[in-house]
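Structural characterization, general
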Amino acid sequence: MKIKFNTITFLEDILNEVAEKIGLSLEIFKPDVRVSDPRFGDLQANGILTAAKRSRCNPRELAEKFVEELNRINEGQFEKIGISGPGFLNFKLSKLYHKEYFDHYCNNSFFDNYKNLNYFNKNIIIDYPSPNTAKQMHVGHLRILVIGEAISRLLEFCGSKVIRDNHIGDWGTNFGVLIFEIKRVNYQFNKDDSKTLEELESLYKSGMSYCKDEENHPGALDEARLELVKLQQGDPENMELWKHIVRVSNSACEKIYELFGVHPDVTLGESFYRDKVNRVYDELISLRIAEEDAGALVVWQKAEDKEKGNIAPFIIRKKDGGSNYGSTDLATVLYRSEHFNADEVIYVTDDRQKEHFKMLFSTVDRWFSQKKYPLPKLCHVTFGKILGEDGKPIKTKSGESIKLKALVNEATERALTIVKEKNTDLDMEEMEKISTIVGISSIKYADLLQNRTLDYMFSWKRLLAFEGNTAPYLLYAVVRINSVFKKMELSLDDYLNKNIGFANFTEPEEIEIVKKLEVFENVINLSVSELKLHYICTYIYELAGLFSVFYSKCKINVEDGNIRDFRLKLCATTAMVLKRCLKILSIDTLEKM
Ligand code: ARG
């Protein structure tokens, strides 16, 4: 038996081998190996029960057959193989196994051993942050930025070519009112685009209330609509205003992206597709997928929906002939497939858009398959709400949604207070640098730590705490390992390459760390399969916890050179894995804290 990088796969392969040997077909037997409750061992295989049921034999007897065969081929990898319950197999891996694992894998090429076939060498488009133009980014965009970036990095880690495509909403109906109001109050853009997004936002608000007040301003709303039509027809004056608006808006958003470490590879907003929607209409009409309905062009998902009339169809062209969110999104999928050869497109938005994407995906499915266009996998990644400590969606005191700029400022300020309390020996510049990273990391980490589909409660106290599963705790764990090397005047990176001969286990705490390293690949696989980052957060928290136990129990700078080198290499590997995982989560690590 040769040891593999992935402990779970390693065992699954062995079990499959044994199953074949004892005449159990692999159709019937699936090993189902998991990390087990430590009372029973390291790993547990649950597949015997189902296989026994399917092949109508006694599970306990089948388990015994497995154990007998496993004992025959065990060359020291397992310390104990046992049976528990009605027929679960329990495995305790041997010290030899962990030793060999450490010797082979705990070095600089740790990550090179990881391959995820589903995402290796694939072209992935991630559609985010994709905000709407002329509005400040608020707390509703927080999860998009954080989750979108982490998924991008996760898939890059798996070997994908990721394109972050910022599909901004720059062709929406709000431009009608905005342009109307700009003209009404004779608002002037200046050449240097020094106008602010805040101003545009209040213009939209005042324009909206003006137009809605039909009693005093009859016809205003129609005029605003006309401005939109003029824009869509390419009227030069309106186009010029539109360009200004988009520029002001983009430059304000870019500052926010920067704060979050988000760098879109392309920004192809809705307006980019305005000359590409006619092809969509033509093809969908000639394929009889789309049809006219009360002046609009629509796609019915099912014939019976149309008959019953209680479910709305997917509208892809408005009554006035204008394109909409549906048509631009259809054109976008086609472009991504033809221009970027996308293997998969991932949209990150909140779940209020669930219906839109459901209809979009099913329309694309019918359209592409009839045309025999290569169909990328389409995936809508959604997330729960962020709640305040009162359990309601968070808002400012005056009831508005919190602006992201303000949120990040507050995080940095709060972090600075904490950093100041903890460090008296750092100068102000250093403390500011540290608090910027601690502040933003804490926000990101608190978000990613939750299963993204659930709502989570935002609490400053919790997310900035140095104890518990938080960014400060993990950043501090990395700092602590760095300082071990600094104190001994050694280089952590050198230790990753250093040939120390062999793993010199003397304490159980050392083995516990290695065991955690052994399941790294499984954690990444799980995270990728669901595009959920909380698995990685739990993993690094546990790894840091095991390290902390080891660190308080085992002295590192000991007399015995073999033990010292082994412990140092263990430290270096732990730091490397923590840092790499944090990098996936888009969290920068610190040298000092
Ligand atoms: N601009 C939209 C909004 O802010 C999100 C766009 C998501 N991407 C897409 N291709 N529909 O709600």
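Summary of the structure given here. Just so it is clear, the structure is predicted and the values come from calculations on it, not from any experiment.

1. Describing the overall build of the chain
Of the regular secondary structure elements, the chain holds 22 helices and 13 strands. Expressed along its principal axes, the backbone C-alpha trace of the chain runs to roughly 85 × 70 × 40 Å. Split into buried and exposed, the 593 residues of the chain put 53% on the buried side. Considering only intrachain contacts with a sequence separation of at least 6, the fraction spanning at least 24 residues in the chain is 73%. Accessible surface, the chain as shown: approximately 28200 Å² in total, 49% of it carbon and sulfur. Within the chain, one finds 82 positive and 89 negative side-chain charges whose respective centroids are separated by 2 Å.

2. Thoughts on the site of the ligand
Every residue near the ligand is listed here: Asp 127, Ser 130, Asn 132, His 167, Tyr 325, Asp 329, Tyr 347, Thr 349, Gln 353 and Phe 357. Residue Tyr 325 places a side-chain N or O atom 2.7 Å away from a nitrogen atom belonging to the ligand. A distance of 2.8 Å separates an oxygen atom of the ligand from a polar atom in the side chain of Gln 353. Protein burial of the ligand: of its 350 Å² of free accessible surface, 88% is covered by the chains. Judged by the fraction of its atoms near the pocket grid, the ligand is located in the largest pocket. Grouping the constituent residues of the shell around the ligand by class yields three nonpolar, five polar and two charged.

3. A short note on unusual backbone geometry
Pro 129 follows Tyr 128 through a cis peptide bond whose omega is -10°. Unlike most non-glycine residues, Ala 294 shows phi in positive territory, near 45°. Its location among the elements puts Ala 294 in the loop between strand E7 (291–293) and strand E8 (296–299).

4. Remarks on the packing of helix H1 (residues 7–21) against helix H3 (residues 59–73)
For any two helices packed against each other, one specifies the crossing angle of their axes together with the interaxial distance. Taken N-terminus to C-terminus, the directions of H1 and H3 make an angle of 115°; their axes are 10 Å apart at the nearest point. By the angle between their axes, H1 is roughly perpendicular relative to H3. In this structure, H1 crosses over H3, and the sense of that crossing is right-handed. Contact residues: H1 offers Ile 14, Leu 15, Val 18, Ala 19 and Lys 21, while H3 offers Phe 66, Glu 69, Leu 70 and Ile 73.

5. A short note on the sheet that holds E8
If you trace the three strands from one edge of the open sheet to the other, you get E7-E8-E9, paired in antiparallel fashion. Two strands close off the open sheet at either side, each with one partner strand: E7 and strand E9 (314–317). The average undirected angle you get between the axes of adjacent strands in this sheet is 50°. In this structure, E8 lies alongside E9, joined through three bridges in antiparallel fashion. By the bridge assignment for E9, Leu 297 is matched with Arg 317.

6. Observations regarding the environment of His 138
By the secondary structure assignment, His 138 is in the loop between strand E5 (123–127) and helix H5 (142–157). A residue is classified by how much of its surface remains accessible, and His 138, at 26% relative accessible area, is partly exposed. Sequence separation of His 138 and Lys 405 is 267 residues, and the distance between their C-alpha atoms is 8.0 Å.

7. A look at the pairing of strand E10 (residues 344–348)
The buried count for E10 comes to five of five residues, which makes it a mostly enclosed element. Covered by surrounding structure in E10 are Glu 344, Ile 346 and Val 348 together with Val 345 and Tyr 347, the residues of both alternating faces. Sheet topology places E5 next to E10; four bridges connect them, and they run parallel. Looking at the pairing, Ile 126 lines up with Ile 346 of E10. Inspection of the sheet shows E10 paired to strand E11 (residues 377–381) by five bridges, in the parallel sense.

8. Let's talk about the state of the cysteines
Following the criterion strictly, the structure yields zero disulfides and no others. Cysteine Cys 379 remains unbridged, with the sulfur of Cys 158 as its closest cysteine sulfur at 14 Å. Looking at Cys 571, it has no disulfide partner, and the nearest cysteine sulfur is the one in Cys 554, 9.5 Å off.

9. Concerning empty space enclosed by the protein
Here the structure, examined in full by the defined rule, presents one cavity of 30 Å³ or more. By volume, the largest cavity amounts to about 40 Å³. Lining the largest cavity are Ile 147, Asp 447, Leu 448, Gln 450, Arg 452, Lys 532 and Leu 533.

10. Digging into the layout of surface pockets
Empty space within the largest pocket amounts to approximately 1200 Å³. Lining the largest pocket are 46 residues, and of these His 138, His 141, Asp 350, Arg 352 and Gln 353 sit closest to its centre. A total of three residues in the lining of the largest pocket trace back to one element, the largest contributor, which is helix H12 (residues 325–340). Partitioned by chemical class, the residues of the lining of the largest pocket number 14 nonpolar, 20 polar and 12 charged.

11. Section: the pairing of strand E6 (residues 161–165)
Summarising burial for E6: four of the five residues are buried, a large majority. Pairing of E5 with E6 involves five bridges; the strand directions are parallel. Bridge pairing in E6 places Ile 125 opposite Ile 163. Crossover connection from E5 via H5 to parallel E6: handedness right-handed.

Rules used in this analysis
- Residues numbered from 1 in each chain as written.
- Predicted model: local features only at pLDDT ≥ 70, side-chain atom pairs only at ≥ 80, totals over all residues.
- Heavy atoms only, no water.
- Helix = DSSP H or I, 4+ residues; strand = E, 2+ residues; numbered from the N terminus.
- Buried < 20%, exposed > 50% of the residue type's maximum accessible area, 1.4 Å probe, protein only.
- Contact = heavy atoms within 4.5 Å.
- Areas by Shrake-Rupley, 256 points an atom, 1.4 Å probe, with all protein chains shown as cover.
- Lys, Arg positive; Asp, Glu negative; His and termini not counted.
- Charge placed at Lys NZ, Arg CZ, Asp CG, Glu CD.
- Near = heavy atom within 4 Å.
- Polar contact = N/O pair within 3.5 Å; in protein donor to acceptor, adjacent residues only side chain to side chain.
- 1 Å grid on protein atoms, 1.4 Å probe; cavity = no way out; pocket = protein on both sides within 12 Å on 5 of 7 lines; lining within 4 Å.
- Sits in = over half its atoms within 2 Å of the grid points.
- Nonpolar A, V, L, I, M, F, W, Y, C, P; charged D, E, K, R; others polar.
- Axes fitted to C-alpha atoms, helices over the stretch in contact; angles between N-to-C directions.
- Parallel < 35°, antiparallel > 145°, perpendicular 65-115°, else oblique.
- Left-handed = near helix turned anticlockwise from the far one by under 90°.
- Pairing = 2+ DSSP bridges.
- Disulfide = S-S within 2.5 Å.
- Points joined across faces, edges and corners; volume = space filled by probe spheres on them.
- Right-handed = clockwise from strand over helix to strand, strands pointing away.

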